[in-house]
Each structure stands twice: as structure tokens, then as C-alpha cells.
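Tertiary structure, described
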Amino acid sequence: MGCGLRKLEDSDDSSPGKIFSTLKRPQVETKTEFAYEYALLDFTLQASTNPEVIKINSVLDIVAKVEEYYLKGYVVGAIHPVIQPVRHRKHLPASHLYRVVLSRLKVSPKHSAVPVGQRHARLVMEECPLTYETQTNDAAKELIEKINAAAKRGMKFVGFVSQYYLPSKHCNGTSHDGDAELGLHRRHGSHDNCKSGNEGDISGQLCESGMEEEPQLESGHQTEGNSSPSYSKPDRGGDHKLYMVFNAFGEDSACWTYQEGILSMKVTRKGAVINTLDANWLELTTFYYKQGLSLVDSFVCWETPKAGDHLPKSLEGFFIYEEEGSGVPGSSRKGNDAIVVEQWTVIEGCEIKTDYGPLLHTLAEFGWLLTSVLPTPILRHDSEGNLATKQVVFLQRPIVWSSAAQTPESGPC
């Protein structure tokens, strides 16, 4: 039960996941003034036999699909592809899956079902063109300027979402150009209440035998790398678009400002394919959390070098942090505690079998708010032959006591 925090141990990358926190487990599982309710919706750009996976023709269709949730007081907190669509991953059925995480304050004597500030919210997506040659530093400046300009119009930034447009087949476990089959339909275990065999604990979500080697997806024609959630060089016959996602509240709403922070990850590769990644998430983010900023999204260039190019041992990107208030540093802000989860999400065909949903619902009772999910291009097969991908989940909660003396705790789940 709970977030499954354990003492730091040596572990390999086949563990079901790892959890890192600025707090020790008893404090993580202490109730606060707030609690949340989450709704998790899965969308696909392909046909699906599972009625719980919602068919869309474009990511722009998500706006209309979530309207009924906004009427109930929910707002979108994160939108992300289930896997990062680089190289031949663009052709996998799972690359057409998107997850939308909505949240609302849980009804209590202190909090109404629909907070006043959320009654007039609506989801907005705006296309965000970038030049393909843009470097990360230039992209950071350009994107932050666009986000801050929108914030002045009452737009609260949610994140980026991209769509790669390709002719697609039905979601039946097959892929384009003779790529490998990667599983058939079974059941869906993460819609809304996220029922699974592990209610609220990551432990055991993958078989104890661990996961096998990287699937061989590099057959067929050569495909240019993709950058996500930013930009990519489109293949011939395809197109890639980047969208900015906002919750729009109106120009008279609170003012938000945004800034970037460093994101650096060590990676290992099997050939040109990224096989593992490692980052000190708390070291990268705690400085901003202590200032009361919220981590809302990230920008990483996952582009795979061409044959013969130097293969870097690290990836550089940036986090996007939000400051709410008058814009004056330190103005009535409380610091935040954080939880970061490295999660293996298991996919059967075009449906999600195991993911961060049960853990999220458990942490919601203790006031933890999901603010961002970073999907990665790292893929494995579990012992049952199902596809698994690594995702990094970020949650935060206002500091409720002095945690300065606490040692950040981390460990495998």
C-alpha cells in the first residue's frame, strides 16, 4: 500500500519502477488539507476493439472529448503519448496511444465539488511551429516566450503534445512496413479508476523474472529521428506537429509566469537506440520545488544520431516550471515536496495493462498532484511477451511541515 518507498538498494533496470521523494514514506502517506480525485482517459488514433479506449482522428479532438469532465470540476493536468515515437516506434500500434490525466479537488466540508476558479476553465490547444534546426537552448527561449505570452491572456500551461501523421492500419497488433508484431488485445486496466492487481503499489506490476532485451525494431527503411515533445524531421509522406496545451481561465484570472530549468540524463545505447537512462531527478528539481514552483512539462531531444555520428552518453533538455502569483519572487509562496516515479508501463497490443494509475489514486488521498509525465523511447518485452515502456511521473504537494532536515529517500519499487 502507499507509494512503496523503500531504502535505497542496488537494482538493475528490470525492476518494475523506482520512486524518489523529498520525504520519507510516513510523511508521504500523511493526509493534508487537500485530497484529489483523478480520471485517466486513453485515446487512440487507430481503431480499437476496447470501448474504453477512445478513438480520435487528431489530438485536437481531445478538447471536445474532455468537456464533460470540465463541467464536473476536473481540469487536465497532463497529456502525453504512451511511448515516445522515435524511429520505427512511429509505426508501432502503441505509438498512436495518448493518455490524458484529469484532476479535481475532492469534495470535503472545506472544498466544494467544483472550485470557483475551475467553473469557467476550458481546454485549449494551439499549434506551435518550430524550425527543425533549432537547438535546445534556442528552443527553450522561443517556447518560454510563447508560453508566457499566452499566460498573459489567462492561459495556464499544461504541456506540449505532438502528433506524427502517418497512414495507419487498424489497431490489431501489426505495424507498418513489416515491422515486428508486438502483442494482441487483452484487457485494459487503467481507465478512470485504474483497477489492477496492485491497488496503489508499483511493486509486482511486472513479472519477477524481469524484462527481456530491447525489441528489434530497426528493420525496414531508415527513419529520421524524432524530438519529443518538441520537433522532428518528418519522414517523406509523413508530417509532425507540435501543440501547446492550456487550461484557459480568462484574462482576469491569476497570473502565471514560466521559466526553464536544466534537464540532463545519462543514457546507454544498444547501437544507436537508447537502452537505459539515468538522472538524479531530485537534484535537478528540488531547488525549484523549494521556491514554490511547479514542474509542468519537459522538453527533450530524443533524436537518434545517424550511422557514423558520435553517440553521446547524455541527453540534454529542459524542464518548464510555473510560478503562480504576482510574479514577484517569493511572494507568499510555499515550497513544494516532490515524488518522482520511474515507471514501467505494460502495453498489450493497443491497450494499457499496467501503469502508474493505481499508485496515483493512492497518493491522491494524501494531497499529491500529478503535474507532468515524461514518456521515453525505452522499450522492453516482459516475460509474457508484452511491450513495456519507461515513463517518468512527477508529483508535488505543498510543504506541510519543515522537511529541511529530511533526507530524500529513493529506491526500487
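Residues numbered from 1 in each chain as written. Predicted model: local features only at pLDDT ≥ 70, side-chain atom pairs only at ≥ 80, totals over all residues. Heavy atoms only, no water.

Labelled according to an unreviewed UniProt entry, the chain appears under the name Raftlin-2 isoform X4, originating from Cricetulus griseus. According to the UniProt record, the Sequence similarities (unreviewed entry) comment for the chain is "Belongs to the raftlin family." (UniProt positions renumbered as here; feature names shortened; annotations may be inferred.)

Digging into the sheet that holds strand β2 (residues 36-44)
Here we have four strands laid out as an open sheet, ordered β3-β2-β5-β4, and mixed in their pairing. Two strands in the sheet have a free side with no partner beyond their single neighbour: β3 (53-55) and β4 (75-81). Strand-to-strand twist across the sheet, computed as the mean angle between neighbouring axes with direction ignored, equals 30 degrees. Note: β2 against β3, three bridges, orientation parallel. When the sheet's bridge partners are listed, Phe43 is paired in β3 with Ile54. Packing of helix α6 (residues 357-364) onto the sheet brings it into contact with β2 and β5 (97-105), and relative to β2 it is tilted by some 160 degrees. (Pairing = 2+ DSSP bridges. Helix = DSSP H or I, 4+ residues; strand = E, 2+ residues; numbered from the N terminus. Axes fitted to C-alpha atoms, helices over the stretch in contact; angles between N-to-C directions. Contact = heavy atoms within 4.5 Å.)

Structural notes on the pattern of salt bridges
In this structure the tally under the stated criterion is 10 salt bridges. A salt bridge links Arg104 to Glu37, with the shortest nitrogen-to-oxygen separation between them at 2.7 Å. Placement of the pair is Arg104 in strand β5 and Glu37 in strand β2, with a sequence separation of 67 residues. Between Glu126 and Arg153 there is a salt bridge; the shortest N-O distance is 3.7 Å. On the criterion of sequence distance, the pair formed by Glu126 in strand β6 (residues 122-127) and Arg153 in the loop between α4 (136-151) and β7 (155-165) is long-range, its members being 27 residues apart. When its relative accessible area of 23% is taken as the criterion, Glu126 is described as partly exposed. On the accessibility criterion, Arg153 (39% relative accessible area) is partly exposed. Connected through salt bridges with shared partners, the residues Asp42, Arg99 and Asp355 form a single ionic network. (Salt bridge = Lys/Arg side-chain N within 4 Å of Asp/Glu carboxyl O. Buried < 20%, exposed > 50% of the residue type's maximum accessible area, 1.4 Å probe, protein only.)

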